[in-house]
Amino acid sequence: KEGLTISLQCQGVLVVMSAAGVQTQRIIEQVHDKFALLGGPDVTTVSRLDLPTSGVLVMALGTQGSTSANYVLAQFAGRLAIKSYHCLCSGNVLGSIGSKAVRSARL
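For clarity, every value in this text was computed on a predicted model and none was experimentally measured.

1. What to know about the environment of Tyr-85
Okay, step 1: Its location among the elements puts Tyr-85 in the segment after helix H2 (67-77).
Okay, step 2: As for Tyr-85 and Met-17, which are separated by 68 residues in sequence, their C-alpha atoms are 15 Å apart.

Here's what the structure looks like:
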(Lines give C-alpha, C1' and ligand atoms only; values in the text may rest on other atoms or scores of the structure.)
Protein backbone atom coordinates (compact mmCIF):
# COMPACT_ATOMS: atom_id res chain seq x y z
CA LYS A 1 0.00 0.00 0.00
CA GLU A 2 1.41 3.37 -1.03
CA GLY A 3 1.83 6.02 1.65
CA LEU A 4 -0.52 8.97 1.59
CA THR A 5 1.15 12.36 1.87
CA ILE A 6 -1.16 15.32 2.41
CA SER A 7 0.68 18.46 1.31
CA LEU A 8 -2.01 20.99 2.16
CA GLN A 9 -5.41 21.03 3.82
CA CYS A 10 -7.18 24.35 4.17
CA GLN A 11 -10.57 26.01 3.65
CA GLY A 12 -12.25 23.50 1.37
CA VAL A 13 -9.11 22.27 -0.40
CA LEU A 14 -6.98 19.16 0.00
CA VAL A 15 -3.70 18.67 -1.89
CA VAL A 16 -2.13 15.20 -1.92
CA MET A 17 1.23 14.10 -3.36
CA SER A 18 1.12 11.28 -5.89
CA ALA A 19 4.12 9.25 -7.01
CA ALA A 20 4.66 8.28 -10.64
CA GLY A 21 3.03 4.97 -11.47
CA VAL A 22 0.26 5.31 -8.89
CA GLN A 23 -3.27 5.45 -10.28
CA THR A 24 -5.25 8.55 -9.33
CA GLN A 25 -8.19 6.33 -8.36
CA ARG A 26 -5.98 4.55 -5.78
CA ILE A 27 -5.03 7.89 -4.17
CA ILE A 28 -8.69 8.95 -4.11
CA GLU A 29 -9.65 5.66 -2.41
CA GLN A 30 -6.91 6.14 0.21
CA VAL A 31 -8.13 9.67 0.95
CA HIS A 32 -11.74 8.49 1.25
CA ASP A 33 -10.66 5.67 3.58
CA LYS A 34 -8.54 7.95 5.76
CA PHE A 35 -11.20 10.64 6.11
CA ALA A 36 -13.94 8.05 6.78
CA LEU A 37 -11.80 6.57 9.57
CA LEU A 38 -11.24 9.99 11.12
CA GLY A 39 -14.84 11.11 10.68
CA GLY A 40 -13.72 13.87 8.33
CA PRO A 41 -15.52 15.40 5.37
CA ASP A 42 -16.03 13.64 2.05
CA VAL A 43 -13.82 14.73 -0.85
CA THR A 44 -14.54 15.55 -4.47
CA THR A 45 -12.01 14.84 -7.21
CA VAL A 46 -10.99 18.00 -9.04
CA SER A 47 -8.01 16.88 -11.11
CA ARG A 48 -6.24 13.72 -12.19
CA LEU A 49 -2.67 12.80 -13.07
CA ASP A 50 -1.51 10.57 -15.90
CA LEU A 51 -0.08 7.28 -14.64
CA PRO A 52 3.60 8.07 -15.39
CA THR A 53 3.29 11.55 -13.83
CA SER A 54 4.13 12.43 -10.25
CA GLY A 55 2.88 15.57 -8.59
CA VAL A 56 0.05 17.04 -6.61
CA LEU A 57 -3.55 15.94 -6.80
CA VAL A 58 -6.09 18.63 -5.88
CA MET A 59 -9.36 17.67 -4.21
CA ALA A 60 -12.20 19.66 -2.71
CA LEU A 61 -13.25 19.01 0.87
CA GLY A 62 -16.96 18.36 0.49
CA THR A 63 -19.37 16.30 -1.54
CA GLN A 64 -20.11 16.86 -5.22
CA GLY A 65 -22.29 19.99 -5.42
CA SER A 66 -21.04 21.47 -2.14
CA THR A 67 -19.88 25.08 -2.09
CA SER A 68 -16.22 24.12 -1.72
CA ALA A 69 -16.40 21.52 -4.51
CA ASN A 70 -18.16 23.93 -6.87
CA TYR A 71 -15.62 26.67 -6.11
CA VAL A 72 -12.54 24.50 -6.69
CA LEU A 73 -14.04 22.84 -9.78
CA ALA A 74 -14.81 26.30 -11.21
CA GLN A 75 -11.16 27.29 -10.77
CA PHE A 76 -10.08 24.36 -12.95
CA ALA A 77 -12.95 24.70 -15.44
CA GLY A 78 -12.19 28.41 -15.85
CA ARG A 79 -8.50 27.60 -16.37
CA LEU A 80 -7.61 29.77 -13.38
CA ALA A 81 -5.47 27.04 -11.84
CA ILE A 82 -1.88 27.34 -13.02
CA LYS A 83 -0.14 24.07 -13.80
CA SER A 84 3.58 23.70 -14.21
CA TYR A 85 5.25 20.63 -15.67
CA HIS A 86 8.91 19.83 -15.19
CA CYS A 87 10.72 17.07 -17.02
CA LEU A 88 13.88 15.39 -15.77
CA CYS A 89 15.87 13.95 -18.64
CA SER A 90 18.93 11.79 -19.02
CA GLY A 91 21.12 11.03 -22.01
CA ASN A 92 23.04 13.18 -24.44
CA VAL A 93 22.90 16.91 -23.83
CA LEU A 94 20.90 18.82 -26.46
CA GLY A 95 22.08 22.28 -25.44
CA SER A 96 24.42 24.10 -23.16
CA ILE A 97 24.15 23.43 -19.41
CA GLY A 98 21.25 25.35 -17.94
CA SER A 99 19.45 25.90 -21.25
CA LYS A 100 15.69 26.03 -21.03
CA ALA A 101 12.77 25.78 -23.39
CA VAL A 102 9.29 27.13 -22.92
CA ARG A 103 6.22 25.74 -24.61
CA SER A 104 3.41 28.25 -24.68
CA ALA A 105 1.03 26.56 -27.11
CA ARG A 106 -1.67 24.25 -25.76
CA LEU A 107 -0.87 20.57 -26.00
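2. Focus: the pairing of strand S2 (residues 13-18)
Okay, step 1: When you tally the buried positions in S2, you get five out of six residues, the bulk of the element.
Okay, step 2: Bridge count for strand S1 (residues 5-10) against S2 is five bridges, and the pairing is antiparallel. Residue pairing in the sheet places Leu-8 in a bridge with Val-15 of S2.
Okay, step 3: Hairpin connection from S1 to S2: two residues lie between these consecutive antiparallel strands, with Gly-12 at a positive phi of about 85°.
Okay, step 4: The pairing of S2 with strand S4 (residues 55-61) spans six bridges and is antiparallel. Directly across from Met-17, in S4, lies its bridge partner Val-56.

3. Quick notes on helix H1 (residues 24-38)
Okay, step 1: Look at H1: 21 Å from first C-alpha to last across 15 residues, which is about the 21 Å you get at 1.5 Å a residue.
Okay, step 2: Turning to H1, its buried residues number three or more, namely Thr-24, Ile-27, Ile-28, Gln-30, Val-31 and Phe-35. Taken down its axis, H1 places every buried residue within 160° of arc, on the same side. Away from its buried face, by an angle of more than 90 degrees, H1 presents the exposed residues Ala-36 and Leu-37.
Okay, step 3: Two residues or fewer after H1 comes Gly-39, characterised by a positive phi angle close to 70°.

4. Considering the pattern of salt bridges
Okay, step 1: As enumerated under the stated definition, the model contains one salt bridge in all.
Okay, step 2: Between Arg-26 and Glu-29 there is a salt bridge whose closest N-O contact spans 3.5 Å. Here the residue Arg-26 and the residue Glu-29 both occupy positions in helix H1, the gap between them amounting to three residues, near one helical turn.
Okay, step 3: On the basis of relative accessible area, Glu-29 is assigned to the partly exposed category, the value being 36%.

About the cut-offs
Residues numbered from 1 in each chain as written. Predicted model: local features only at pLDDT ≥ 70, side-chain atom pairs only at ≥ 80, totals over all residues. Heavy atoms only, no water. Helix = DSSP H or I, 4+ residues; strand = E, 2+ residues; numbered from the N terminus. Buried < 20%, exposed > 50% of the residue type's maximum accessible area, 1.4 Å probe, protein only. Pairing = 2+ DSSP bridges. Expected span 1.5 Å × (residues − 1). Arc of directions from axis to C-beta. Salt bridge = Lys/Arg side-chain N within 4 Å of Asp/Glu carboxyl O.

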